[in-house]
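# Reading the structure
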Amino acid sequence: MTSSPLHLDLPLPPPSDTTGPYIRLLTFSDGRWSLEVAPLASTQYKALSYVWGDSSNPLTIQCNGVQLQVTRHLYWALQHLSVEFVNERLWIDAICIDQNEAAPEKGQQLDLMGEIYTQAEEVLIWLTESFLPDNVNLCFQACKSYAVKWRQKELTMRFLAALTMTVVTMDENTNLNRIHNAATAAALREDTSFTDDIVVGLLQILRHPYWSRVWVIQEMSLASRSRILTSKCTLDWDDFKIFILTMEQCLPWFLRGMGPNFRALDETTRLQRDNEPRVFYSLSHLLVQFRWSCAKNNRDKVYGLIGLLRPDERRFFMDDLPGPKYAVSTAQCYTHIAFKILQQSQDLRLLVQCSSPSFIKRDDDLPSWVPNWQYDSECLPRPRWDLTEGNPYNRTGDVRPALYNAYNASGDSECPPPQLRDNSILILYGMIAGKITAVCRPMEIHHLFVGHRTPRGILKLTARASQADTFQRLNNGIMRSVLSTRSGLLMLAITYFENCLRKGAAMGILLEYADLALSDGTWLGNRSETNPLYAMFETLMKGPRGVEMVDSLFTDYPNETFIVEAIAQFHTQARSIRWNPFLRLLRLAGPFYYYPSAYHLLLGINFFGMGKVPPYLLCWIGLQTAAIVFTNFVLESTIASYFVSAVGGYLLNSRLSYVLGMPYRLDTVLATPLDQALARLDDGRLALVPHDTKVDDDVALLAGGRSPFVVRREYCNRFRLVGDCYVDGIMQGEAWREWKVSEMEFM
């Protein structure tokens, strides 16, 4: 992109000691747009935050008498601003910054983005109407009325807490959370604004592509005041933030599965929660928390978060960048940032981020030790038949850093200052602890339930619910929504069989893991439990700390006998599979090898039957099939709706409504080793390794690293990093030998 005449005619003066840096500002006055240059520090203005949208079909505006092309999303925003904000100074990045990436101005102005949004008197959040529900005005009104009640209850709770001195022994964050939880519970008891239609509309607003943009994070986090704009209505961001915090508190498990939009919003509100003093986070933390946010330019996945750092940290990361911001390649940018994080932290936790999901092809331009921050939520595989699923990688992003801190595989060794050779080869020190001799198939997203696209009535906001309560409300809501129509009943049948197929595929992989664990030579160590399955399940859960964390995350109630219960459920499954005539027939006749879907479907039905296919489950499947045929080919629509409603009423009042969502211990195990596989080392130890691990790969312990890493030897002491792993029996430094440490080069 070349510089436009508009920007060439209005060059930005260099910063001075008295006025500081300069920016351009846009104003609509006397029926036309005009652009001017003004000092940043002494000018009042409002900043616009919006989705750029598709730039392939732009529209044209007149500014300073010059034709300027803008995206359609910005054009519609300008139409609204020209009516509501006449004579107001506005800062809009696409117009106020020269978009020529070869010119130094763009990088210099983007370095000021943090200051621009911090000093703006207000940030205007423009939501394009095409992505909004029809009842957006009612949704905003519900948020406003609820926010009033919530603030009243919060003041009451603060007063009561101070009066009774019930929270003085807690830390400040705990106090704040308790007060907010109590205020939410009290406000929801009195508020009736969140009807089913309103909640469904608010969920559609949360799915607006605006919230998935990486630039949104700093634009909203740094703003002193923000307001959401649509062509019909407005909503103060503080009111909407209260609704988001309420959703997180009420239904944390279900809503975190919505995807990166809600996750990013939730994390942004946490960044904003205490403005005085402002909380600064490390860049490595921000890159993990917002890794699924989207950006048109891959380099912006990093640049969009730099403004949230302290000024001295911004200079540390950006001053010696090898060239102008947008002149360096994505690989150069990521390599530079990754090495700077290693230098700053003197820690190897960054290497945990280097394993990409199985559906992402490795970027050959990136060194193996550099995380691939390019992929985002749009890269997630889509489920079939218009079903919907969450993003399980959000949960792994929460758990993996905490688990890393619980390990100490390299003993008390310290990480030497990292060195970079030839701008891409990382020099570390470590030792080889073992070689991979067997690897099973990786566990993918088989464990994740799919659901109906737009279930209604499932998100009635009440005080915080456990996962079991959420499952029951989810199932009952889906039943009410889909069993009242013939097409809904068909969708429910498809959903059930799809979930059986997915769960059966996961069970097939778990059976392979068990075969490996039960084979001769598995290392059991000094355990009192001599069952190799105990070592297998503990490895899949990444150790005792992993059992504790993952169990509490998925089920709300940690259980000390988790692995024992999981083994018992596995034995129940294995016995029923062994004596199931259909499964035995498939294996003996051979179709299992040629048509594995049939085998996986039966495994899934067997799984949901808790080790057997009970008569009531077969009756349920028969009822669904009969109702579909009967209502589509025999009855008229009115009579059909009564019939289907009767069937739905029966299902809702029986134990059948729990079939789709019963949280087994075994199901939690299937959900844990996402994109990882069970492997065995040459000494018999079981290991949980990245999905792309191969036989003859090595397991390395690196000085200063808390977990082992799978590495692939290229030649001599030069390796490619595959990813971090869990190896049974060496996670607390048992295998670390200082005298074996040597220099290791990572390409």
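Everything that follows concerns the structure shown earlier in this document.
So, a few notes on the structure that sits alongside this text. (Residues numbered from 1 in each chain as written. Predicted model: local features only at pLDDT ≥ 70, side-chain atom pairs only at ≥ 80, totals over all residues. Heavy atoms only, no water.)

## Looking at the overall build of the protein
Put simply, the rule is: Elements are defined by DSSP. Helices are runs of H or I of four residues or more, strands are runs of E of two residues or more, and each kind is numbered from the N terminus. Type-normalised accessible area, obtained with a 1.4 Å probe on protein chains alone, sets the label of each residue: buried when under 20%, exposed when over 50%, and partly exposed for intermediate values. Only the protein chains shown count as cover for residues, and the accessible areas themselves come from Shrake-Rupley with a 1.4 Å probe.
Within the protein one finds 28 helices and 18 strands. A burial count over the protein gives 57% of its 747 residues as buried. Total accessible area on the protein is roughly 32200 Å²; 53% of this is exposed by carbon and sulfur atoms.

## Notes on the packing of helix α15 (residues 311–318) against helix α16 (residues 330–345)
Quick reminder of the rule: Every axis in this analysis is a line fitted to C-alpha atoms, fitted for helices over the stretch in contact. Angles between the N-to-C directions lie between 0 and 180 degrees. The labels follow the angle: roughly parallel below 35 degrees, roughly antiparallel above 145, roughly perpendicular from 65 to 115, and oblique for the rest. The contact criterion used is simple: two residues touch if any of their non-hydrogen atoms lie within 4.5 Å. Gly falls in the polar group here, along with every residue not listed as nonpolar (Ala, Val, Leu, Ile, Met, Phe, Trp, Tyr, Cys, Pro) or charged (Asp, Glu, Lys, Arg).
Following both chains from N to C, one finds α15 and α16 inclined at 125°, their axes separated by 9 Å at the closest point. Considering their axes alone, α15 and α16 lie oblique with respect to each other. Contact residues: Glu313, Phe316, Phe317 and Met318 in α15; His336, Ile337, Lys340, Ile341, Gln343 and Gln344 in α16. Of the residues contributing to the contact of α15 with α16, the split by class is 5 nonpolar, 3 polar and 2 charged.

## Looking at the pattern of salt bridges
Going by this rule: We define a salt bridge as a side-chain nitrogen of Lys or Arg found within 4 Å of a carboxyl oxygen belonging to Asp or Glu.
This structure, assessed with the given rule, holds 22 salt bridges. Linking arginine 713 and aspartate 698 is a salt bridge whose minimum nitrogen-to-oxygen distance equals 3.8 Å. Here the residue arginine 713 occupies a position in strand β15 (residues 709–715), and aspartate 698 occupies one in strand β14 (residues 698–702), the gap between them amounting to 15 residues. Classification of arginine 713 as partly exposed rests on a relative accessible area of 43%. When the shortest N-O distance is used, the salt bridge between glutamate 745 and arginine 718 registers 2.6 Å. Within this pair, whereas glutamate 745 is found in strand β18 (residues 742–746), its partner arginine 718 is found in strand β16 (residues 718–724), the two being separated by 27 residues in sequence. In this pair, the class of glutamate 745 matches that of arginine 718, namely buried.

## A closer look at helix α20 (residues 532–540)
Residue pairs spaced three or four apart in an α-helix point in one direction, given the helix's 3.6 residues per turn. For α20, a buried count of 9 out of 9 residues is recorded, marking the element as mostly surrounded by other parts of the structure. Buried within α20 we find Pro532, Leu533, Tyr534, Ala535, Met536, Phe537, Glu538, Thr539 and Leu540. Immediately downstream of α20, the backbone of lysine 542 shows phi near 65°, a positive value.

## Comments concerning the nonpolar core
Within soluble globular proteins, side chains that are nonpolar generally end up buried alongside one another. Inclusion rule: To define a nonpolar core, start from buried Ala, Val, Leu, Ile, Met, Phe, Trp, Tyr and Cys residues and group those joined through side-chain atoms within 4.5 Å.
Membership of the largest hydrophobic core comes to 126 residues, with the highest contact counts inside it found for Leu81, Trp91, Ile205, Trp211, Phe240, Trp369 and Phe746. Leaving out residues up to four positions away in the same chain, isoleucine 205 has contacts with Leu127, Leu132, Pro133, Val136, Cys139, Phe140, Trp211 and Phe240.

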